[in-house]
Amino acid sequence: MKAISLQKQNIYTGNLILVNGEYGYKEGESDLLMPVLNEVSHILLKYRAVVLLSSLMEEIRGWENIVPVSGWRSGKEQQEIWDSSMEENGKEFTRKYVAFPGHSEHQTGLAIDLGLKQEVVDFIRPDFPYTGICQAFRERAAEYGFIERYPSGKEAITGIGHEPWHFRYVGMPHAAIMREKNMTLEEYISFVKRFPYGKMHYCYNGGNREILVSYLKAKDSEETVLEIDEALPYCVSGNNVDGFIITQWRMRNGNEAKLRNT
């Protein structure tokens, strides 16, 4: 077993951080950003999200008919978008479709708005229908670690209106579990807490691999110690709420698993 020291600030980092109206984003890690496409170098995401998004788009030839609309935003840019929308569209529209500055997923570098390639693309509400290439992207997204973040019927949970164009990178197997269980990220964060680390885990069937997901509550002190089997590949993500989500991979035959598409 290996002892890993998790600091208080680690709660606020990782692919599974929950950023919404209740839990704000702690600025940081901007040095890990890179362009989604060379042709639109100003639209940025975290490195791993770009790699998986690029793989998915290559698989479905998505960039032929889909355009990136908005990726990472600084707190200043989010404030400008909020102010502009309030002025042009009013309070009701803005609160429905624009996250309050400091509480936007776009500030994480893990969220992207996509639009159908057209002569004019709406920046706030780009067209991304449930047909054609857009639906092909949506149906394959979970395989590459992406979820449709604000689905219809979940507005009371997410606090944001239905946004078929907004996708969030959470990694595998989390995206697949959320899709299978029809969960938002809010619901998934609560779901994982049912599996306390070291006592229980949620087991996802990954073919020849088993992927174990569990939750570790952060200590009240500055440091939380994670005792983990270093023979198994693993990753740790903060949830931006109160603890950590632990993901471990193991082969069904007991041999060491390889970390892929996470």
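Below is a short write-up of the structure. Note that the coordinates shown come from a computational prediction; the quantities given were computed from them, not determined experimentally.

**Let's talk about unusual backbone geometry**
Then, in step 1: Cis geometry marks the peptide bond from Met-172 to Pro-173, where omega comes out at 5 degrees.
Then, in step 2: Tracing the backbone through its elements, the reader meets Pro-173 in the loop between strand S7 (163–169) and helix H6 (174–180).
Then, in step 3: For Asn-182, which is not glycine, the phi torsion reads 55 degrees and is therefore positive.
Then, in step 4: Mapped onto the fold, Asn-182 is located in the loop between H6 and helix H7 (185–192).
Then, in step 5: Located in the positive-phi region is Asn-240, a residue other than glycine, with phi close to 65 degrees.
Then, in step 6: With respect to the element layout, Asn-240 can be found in the loop between strand S11 (234–238) and strand S12 (243–251).
Then, in step 7: When its relative accessible area of 3% is taken as the criterion, Asn-240 is described as buried.

**Focus on the pairing of strand S2 (residues 33–37)**
Then, in step 1: In this structure, S2 lies alongside strand S3 (residues 40–46), joined through 4 bridges in antiparallel fashion. For Leu-33, the partnering residue across the bridge sits in S3 and is Lys-46.
Then, in step 2: Counting the residues that bridge the hairpin from S2 to S3 gives 2 residues.

Rules used in this analysis
- Residues numbered from 1 in each chain as written.
- Predicted model: local features only at pLDDT ≥ 70, side-chain atom pairs only at ≥ 80, totals over all residues.
- Heavy atoms only, no water.
- Helix = DSSP H or I, 4+ residues; strand = E, 2+ residues; numbered from the N terminus.
- Buried < 20%, exposed > 50% of the residue type's maximum accessible area, 1.4 Å probe, protein only.
- Pairing = 2+ DSSP bridges.

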